[in-house]
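An overview of the molecular structure
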Amino acid sequence: MNPGPEEKLLALAGNPNCGKTTLFNAVTGAHQHVGNYPGITVEKKEGFVSLDGRRLRLVDLPGTYSLTAYSLEELVARDFLVQERPSVVINIVDASNLDRNLYLTIQLMELGIPVVIALNMIDAAQSRGIEIDAEELGRRLDLEVVPTVARSGKGKEVLLETVARVASEPREWRPIRISYGPDIDPVLDRMEADILEAGFMIEDFPPRWTALKYLEADEQVLARGDGIDPNLSARLKSRASQVTEHLEKTLASYPEAIIADHRYGFIAALLKDGVVQRTQRGDRLYLSDQLDRVLTNRFFGPVIMMLVLYVVYHFTFDYSEIPVQWLESGFSALGGWVESVLEPGPLRSLLVSGVIDGVGGVMGFVPLILFMFLAIAFLEDTGYLARVAYMLDRVFRTFGLHGSSVMAFIISGGIAGGCAVPGVMATRTLRSSKERVATLLTAPFMNCGAKLPVFAMLIAAFFPGDRPRIMFLLTLLSWTMALLVAKLIRVTILRGPSTPFLLELPPYRLPTFKGLLIHTWERTRQYIQKAGTIILAISIVFWALMSFPGLPESRKASFEAERGAILAVLPAELRESVSDGRMPADLSADLERQWTDARSALDGIDGAEALAALKHSIAGRVGLGLERVTHWCGLDWRTNVALFSGFAAKELIISTLGTSYSMGRPSEDRDLPLSRRLASDPEWSRLKAVAVIIFIMLYAPCIPTVTCIIRESGAWKWGLFSMTFNTLAAFVMAVAVYQGGRWLGLGTGL
Amino acid sequence: MPTILLRHMQAGQKGIIERVRATGELGRRIRDMGLVPGTPIQVQGRAPLKDPVAIRTRDFTLSLRNNEADFIEVMVEEES
């Protein structure tokens, strides 16, 4: 999109944890749009602000410490700056951690792009006894520095005015020149001259910057250079390798390290004598350290962590229960209404069983998902989640994962509830592709918000009164399986070394309400979008699979004949009211008994016909065919059909089970909760319930998750792998439990 | 003042980074976080399983694994 004459493009850049997102939210408010950068999965947040009739388009770049080609985030940020060439980059700098934050600033300035610094969290810096002379800093860097407090919105007006002013004075990019010492500088100058002379990539990058990237052996720039001018590129590379050899011999170092040292040296010199003043005071960091002493304590740390996770679990469930019930009854009322206004037939069936049940099943969990994400956002924004990664890294590493994998697991439902779709997306924080793929393949083992209602129903049916304890056991089981499978994957198909950990532990902060809401809403929205799009389409497909082909005419006729036979023996005056189900008010006791008997006989036949139709449908045939294999783990064809539909979306398991078990029963039973129906069904037992739960926990992720896995891993094979491998694992485990249980004599008696 | 590996520093101990031997990706990550020669650091503590280690440097807290700390040589004050 080309910015119009009145629209200015701005970019927001900064380190992780510098308050960038908070500032973005404070400035743009609700006028945000979240999308992806083209072709890749890094989230791209855009917002709009109007200032004096001018429209400012703000793009929130991913949080990065540097502008190397090291991670996807850094590449995205860099490519955006170079290709879109925003009028101004707003560089958010954490005032309480100035020198490390300026490392990125220096790199932005070396690129030459116009920068305005938002010196953020000055309040936090002050409380730590750090005073910064913003004006002096701006003078020394030759750019505007605006003090801000993103949390309260302080300074945002001045920031916007300043940015708008700088943006309205278009200028060429003016890269700063930093000295890299006697070993690097001469070579850098020579390379710069070569580049300038050949006009090598000068439309995109300043020549000196390109030379630096050749010295740093930046893969992306080198590859591009090779494509544009192989000869010059080779010459630059050979110059770079000469320096590298020289530095290796004389200093046992290499250009990249020397360059970084000089950048930090430049920053240190910049801040000396009058920019930063320190007074020793009791400060927030001190408080944060005191908290850490308890929260990451050898003994109390893990105990508190378990406690926190348990509280999150209760919070999610207890508070979401009522709104979930509202939504469920809302959707069933809607279904009832459609049934009352439409004639029976394929259209009604499509609307009720396909659209409303399918989408309603997903939407019904929105409150649960919302509370879960709210709790996670709280843990994340306070800084506690980083401590969880810190404490658990040793454990995760044993299984070939990374401390940050914990995030993906928790979002996928690691505590209770969640969704593998945002969970799989959360693996983006992992940098090594091997750990990342291992995490995104195992995260779907977690008990997501859609599996939980099935478990809850089965537990209510077979282990009444034990729900919290069994749910907790199931959570442990899913973690155990995920970790073991991750280990298995990491020593076989994904063997390789682990990624650097190096995690910042930000000071504890009280999150802002607005920040929490925005954070929660973003993830919930992904979930709702899934319901509105993919699941709607898939529900319709699965509805069709479960409805077609219909019973052949001959069988329909035989059911019709059975019905006719019952009606035929009735007194003539009852026939019509029995067949349309409305009992007349003024019947004698004898007639009323006859009426009721006939009606329930008819219901039985209707049910039998519906069940026969399901069995006859494509889904039913698949379910029946699979029964030959699945009877090993206790699954009958009706459960198979439900599991088959659960592949479309786990939410559909419960509604499909509901459908297949409400078919073929007399009507007074039909309104019984599914759990009571299963509990009284002779085909079901506690052992079968456990086997089914285990199968559901482990088998193929739903289609939306599989699509996500394919997108995030960039390979079809991982999507296919997760479908086949997980189903196989589920089958093996469920067979082991079912057959083991039977061997121990825990059959129907259990 | 003796030089020891970051891994062998005690909780609370202070020192100044003398050398970072890591190269490639790890080296880049370490430098991006500001761990370059001459930087003062202090060990804050260790995770419950003794690994990773948390250090304070440049006004922030950073955690890194012991096998990453092995690449960082630190000049520490003599213990009395």
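Here's a quick rundown of the structure. (Residues numbered from 1 in each chain as written. Chains lettered and ligands numbered in written order. Predicted model: local features only at pLDDT ≥ 70, side-chain atom pairs only at ≥ 80, totals over all residues.)

To continue, consider the overall build of chain A. Scanning chain A from terminus to terminus reveals 33 helices and 10 strands. Projecting the C-alpha coordinates of chain A onto the three principal axes gives extents of approximately 110 × 60 × 60 Å. Within chain A, the fraction of its 750 residues that count as buried is 44%. Restricting to contacts in chain A with at least 6 residues of sequence separation, those with at least 24 account for 73%. (Helix = DSSP H or I, 4+ residues; strand = E, 2+ residues; numbered from the N terminus. Buried ≥ 20, exposed ≤ 12 C-beta atoms within 10 Å, placed from the backbone. Contact = placed C-beta atoms within 7 Å.)

Taken together, the contact pairs 30 residues of chain B with 31 residues of chain A. For the side of chain B that touches chain A, the leading source of residues is helix H1 (residues 24–32) of chain B, giving eight residues. Residue classes in the side of chain B that touches chain A are distributed as 13 nonpolar, seven polar and 10 charged. Looking at chain direction, strand S10 (residues 503–505) of chain A and strand S5 (residues 60–64) of chain B are connected through three bridges and run antiparallel. What sits directly across from Leu503(A), in S5(B), is Ser63(B). (Nonpolar A, V, L, I, M, F, W, Y, C, P; charged D, E, K, R; others polar. Pairing = 2+ DSSP bridges.)

Looking now at the sheet that holds strand S1 (residues 3–5) of chain B. As summarised here, the arrangement of the seven strands in space is S10(A)-S5(B)-S4(B)-S3(B)-S2(B)-S6(B)-S1(B), forming an open sheet in which the pairing is antiparallel. Unpaired on one side and paired on the other, S10 of chain A together with S1 of chain B mark the two borders of the sheet. On average, each strand axis in the sheet is tilted by 40° relative to the strand beside it, whichever way the strands run. The pairing of S1(B) with strand S6 (residues 72–76) of chain B spans three bridges and is antiparallel. Paired with Ile4(B) across the two strands is Val74(B), which belongs to S6(B). (Axes fitted to C-alpha atoms, helices over the stretch in contact; angles between N-to-C directions.)

A separate point is the packing of helix H31 (residues 686–698) of chain A against helix H33 (residues 716–743) of chain A. For any two helices packed against each other, one specifies the inter-axial angle together with the distance between the axes. Residues and elements named next belong to chain A. Across the interface, H31 lies against H33 with an axial gap of 8 Å and an inter-helix angle of 165°. Between H31 and H33, the interaxial angle falls into the category roughly antiparallel. Where H31 crosses over H33, the handedness of that crossing is right-handed. Contacts between H31 and H33 involve Leu687, Val690, Ala691, Ile694, Phe695 and Leu698 from the former and Asn726, Ala729, Ala730, Met733, Ala734, Val737, Tyr738, Gly741 and Arg742 from the latter. (Parallel < 35°, antiparallel > 145°, perpendicular 65-115°, else oblique. Left-handed = near helix turned anticlockwise from the far one by under 90°.)

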